[in-house]
Amino acid sequence: MANIHLDHLRENIALVRKKTGKAICLPVKADAYGHGALTIAKTSLAAGVEYLAVAAVEEGEELRQGGITAPIMLLSVVLPEEIDALIAMELEPLAGDDEYITALEGGAARAGKTLSVHLKIDTGMGRLGCPPGEAAALASRIAESKNLKLAGTATHFAVSDSAKPEDQAFTSHQWETFHLAVKSIRDAGIDPGLIHAANTGAVTFHNDAWFDMIRPGILLYGYAPENKEGKPALAVKPLMELKSALVFIKTIKKGQSLSYGRTWTAAEDTLIGTIPLGYGDGLSRLLSNNWQVLAGKELRPLAGRICMDQCMVDLGKNSTARRWDPVTIFGGPAPHAGIMAARLNTIPYEITCNINKRVPRVYID
Ligand SMILES: *Cc1c(COP(=O)(O)O)cnc(C)c1O
């Protein structure tokens, strides 16, 4: 099971609010980075978060069906056939080109509604959005449409979470480009709506990029970027704690091997525990012989290949562990998902997103 600490979410929101004093949009895409979108949405809104963001229409639909009435931004560009649904769900799309804006306008006209749209400007991420030079024209295209409303103007940073000087310079350049594009919209006599840009990295390192609203995701899930000293730059608390249990314990003799591929052999007689959690649950197979889990008060190494549904831990010959004892894979008193991510050369986002539906989420309040 994955324990999700909602008290940590509230504390992280309070900390970020105190630091920035800005409105907060919480991205709850990919099932709230694996934490469970609806519960995270409800808890964060109750804690004062103003906006939510999703990446797919279905994700917005899940929230609306769950009773969420707060504004929800739709970060990705969706297919033409999804536009009617996004309007029915009252999602607020980010748009950065005339063709997409026209398609959204058509959908809104068909539904007889006014759709709130956020203009997305590409200042260096290179993923979505208009060139800064086109921002004013597109803003006026949206603002003048009978069925559209310019609710906001946005950009997204590529390296804002890095403490390296060259990356900080790139972010400053993105900020400056965005600032000028917003100014060009204002100079054209158009209200750009809510100005928002700051992801986790910019919330942490770039005060000037906070504008009206911030969009921190991973930070509120409890993982902060590292400062120049390699330490977490903000004292947020991870929400997710992946736990399981020892469902079987046995003695393995010196020289015996374990699991597929026989990649691990006992150097001495030892006790081996079997844990009912594997790569089918989202525990990366690359952690085979490459991670330690907390059993009792001790961190003990995984032994042998991680299987689809199970893995094994070398408890040591003097272990006092008993069958059914709990083990912690990451989080809580054990090393958190950010440390596991570093081991795998990836980011905590991927670790928590990958813990899939088979693992029940247990909400701790
Ligand atoms: C996911 C996302 C965010 C949040 O990013 P973090 O790095 O988790 O803070 C913000 N803005 C956009 C457009 C995103 O897609």
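The following refers to the structure shown.

Rules behind the numbers
Residues numbered from 1 in each chain as written. Predicted model: local features only at pLDDT ≥ 70, side-chain atom pairs only at ≥ 80, totals over all residues. Heavy atoms only, no water. Helix = DSSP H or I, 4+ residues; strand = E, 2+ residues; numbered from the N terminus. Buried < 20%, exposed > 50% of the residue type's maximum accessible area, 1.4 Å probe, protein only. Contact = heavy atoms within 4.5 Å. Areas by Shrake-Rupley, 256 points an atom, 1.4 Å probe, with all protein chains shown as cover. Lys, Arg positive; Asp, Glu negative; His and termini not counted. Charge placed at Lys NZ, Arg CZ, Asp CG, Glu CD. Salt bridge = Lys/Arg side-chain N within 4 Å of Asp/Glu carboxyl O. Near = heavy atom within 4 Å. Polar contact = N/O pair within 3.5 Å; in protein donor to acceptor, adjacent residues only side chain to side chain. Nonpolar A, V, L, I, M, F, W, Y, C, P; charged D, E, K, R; others polar. Pairing = 2+ DSSP bridges. Axes fitted to C-alpha atoms, helices over the stretch in contact; angles between N-to-C directions. Phe/Tyr/Trp six-rings, centres within 6.5 Å; stacked < 30°, edge-to-face > 60°.

1. Re the overall build of the protein
Inference 1: Across its full length, the protein holds 11 helices and 19 strands.
Inference 2: When the backbone C-alpha atoms are referred to their principal axes, the protein occupies close to 80 × 45 × 35 Å.
Inference 3: Every one of the 365 residues in the protein was classed for burial, and the buried ones make up 51%.
Inference 4: For the protein, contacts bridging at least 24 residues in sequence account for 64% of all contacts bridging at least 6.
Inference 5: Looking at the protein as shown, the accessible area adds up to about 16100 Å², and 53% of this sits on carbon and sulfur atoms.
Inference 6: Across the protein, the centroid of the 38 positively charged side chains sits 9 Å from that of the 40 negatively charged ones.

2. A closer look at the pattern of salt bridges
Inference 1: Overall, the coordinates contain 14 salt bridges when judged by the stated rule.
Inference 2: Asp 365 is the salt-bridge partner of Arg 10, the closest N and O atoms lying 2.8 Å from each other. Of this pair, Arg 10 sits in helix 1 (residues 6-20) while Asp 365 is found in the segment after strand 19 (361-364), placing the two residues 355 residues apart along the sequence.
Inference 3: Judged by relative accessible area, which is 35%, Arg 10 ranks as partly exposed.
Inference 4: A salt bridge links Asp 309 to Arg 358; its shortest N-O distance comes to 3.0 Å.

3. Digging into the site of the ligand
Inference 1: In the region of the ligand, 13 residues are neighbours, and Lys 29, Tyr 33, Thr 200, Gly 217 and Tyr 349 sit closest.
Inference 2: The contact in question runs from an oxygen atom of the ligand to an N or O atom on the side chain of Lys 29, over 2.6 Å.
Inference 3: Taking Tyr 33, its side chain carries an N or O atom lying 2.6 Å from an oxygen atom of the ligand.
Inference 4: Contact with the protein chains hides 92% of the accessible area of the ligand, taken as 390 Å² for the molecule alone.
Inference 5: Residues belonging to the shell around the ligand are distributed by class as follows: six nonpolar, four polar and three charged.

4. As for the sheet that holds strand 15 (residues 292-295)
Inference 1: In spatial order, the strands read 16-15-18-10-1-19; together these six strands make up an open sheet with mixed pairing. One side of each edge strand has no neighbouring strand; the edge strands of this open sheet are strand 16 (298-301) and strand 19. Taking the axes of each pair of neighbouring strands and ignoring which way they run, one obtains an average angle of 35 degrees across the sheet.
Inference 2: The pairing of strand 10 (residues 240-245) with strand 18 (residues 326-330) spans four bridges and is antiparallel. Bridging from a neighbouring strand, Ala 245 pairs with Pro 326 of strand 18.
Inference 3: Across the sheet, helix 1 touches strand 1 (2-5) and strand 19, and the angle it forms with strand 1 is around 35 degrees.

5. Examining the packing of aromatic side chains
Inference 1: This model, assessed by the stated rule, comprises four aromatic pairs.
Inference 2: With a centroid separation of 5.7 Å and an interplanar angle of 25 degrees, the aromatic rings of Tyr 33 and Tyr 349 are classed as stacked. With a gap of 316 residues between them, Tyr 33 in helix 2 (residues 29-34) and Tyr 349 in helix 11 (residues 348-354) connect regions that are remote in the sequence.
Inference 3: Ring geometry for Trp 175 versus Phe 211: centroids 6.4 Å apart, planes at 20 degrees, classification stacked. Of this pair, Trp 175 sits in helix 8 (residues 165-187) while Phe 211 is found in the loop between helix 9 (200-205) and strand 9 (213-214), placing the two residues 36 residues apart along the sequence. Phe 211 matches Trp 175 in its accessibility class, with the two residues each being buried.

6. Regarding helix 3 (residues 37-46)
Count 3.6 residues to each turn of an α-helix, and residues three or four apart come out pointing the same way.
Inference 1: Along helix 3, the positions that sit buried rather than exposed are Ala 37, Ile 40, Ala 41, Thr 43 and Ser 44.
Inference 2: On its buried face, helix 3 is in contact with strand 1, helix 1, strand 2 (23-27), helix 2, strand 3 (51-54) and helix 4 (57-65).
Inference 3: One or two steps after helix 3, the chain reaches Gly 48, where phi turns positive at roughly 105 degrees.

7. Topic: unusual backbone geometry
What you tend to see is this: most non-glycine residues have negative phi, and most peptide bonds are trans.
Inference 1: Residue Glu 90 is not a glycine yet carries a positive backbone phi of 55 degrees.
Inference 2: Structurally, the position occupied by Glu 90 is in the loop between helix 5 (83-88) and strand 5 (91-95).
Inference 3: You will see that Asn 345, though not glycine, has its phi angle at about 60 degrees, which is positive.
Inference 4: In this structure, Asn 345 sits in the loop between helix 10 (337-343) and helix 11.

8. A few points about the sheet that holds strand 14 (residues 270-275)
Inference 1: Reading across the sheet, the three strands line up as 11-14-17 and stay open at both edges, with antiparallel pairing between neighbours. Since the sheet does not close on itself, it has two edges, and those belong to strand 11 (248-252) and strand 17 (311-314), each with one partner. Averaged over neighbouring strand pairs, the angle between their axes works out to 30 degrees when direction is ignored.
Inference 2: Where strand 14 lies against strand 17, four bridges are found, and the strand directions are antiparallel.

9. Some remarks on the side chain of Ser 244
Inference 1: Mapped onto the secondary structure, Ser 244 falls in strand 10.
Inference 2: A relative accessible area of 16% places Ser 244 in the buried class.
Inference 3: Those residues within four positions of Ser 244 in sequence are excluded, and the remaining contacts are Ile 275, Pro 276, Leu 277, Asp 325, Pro 326 and Val 327.

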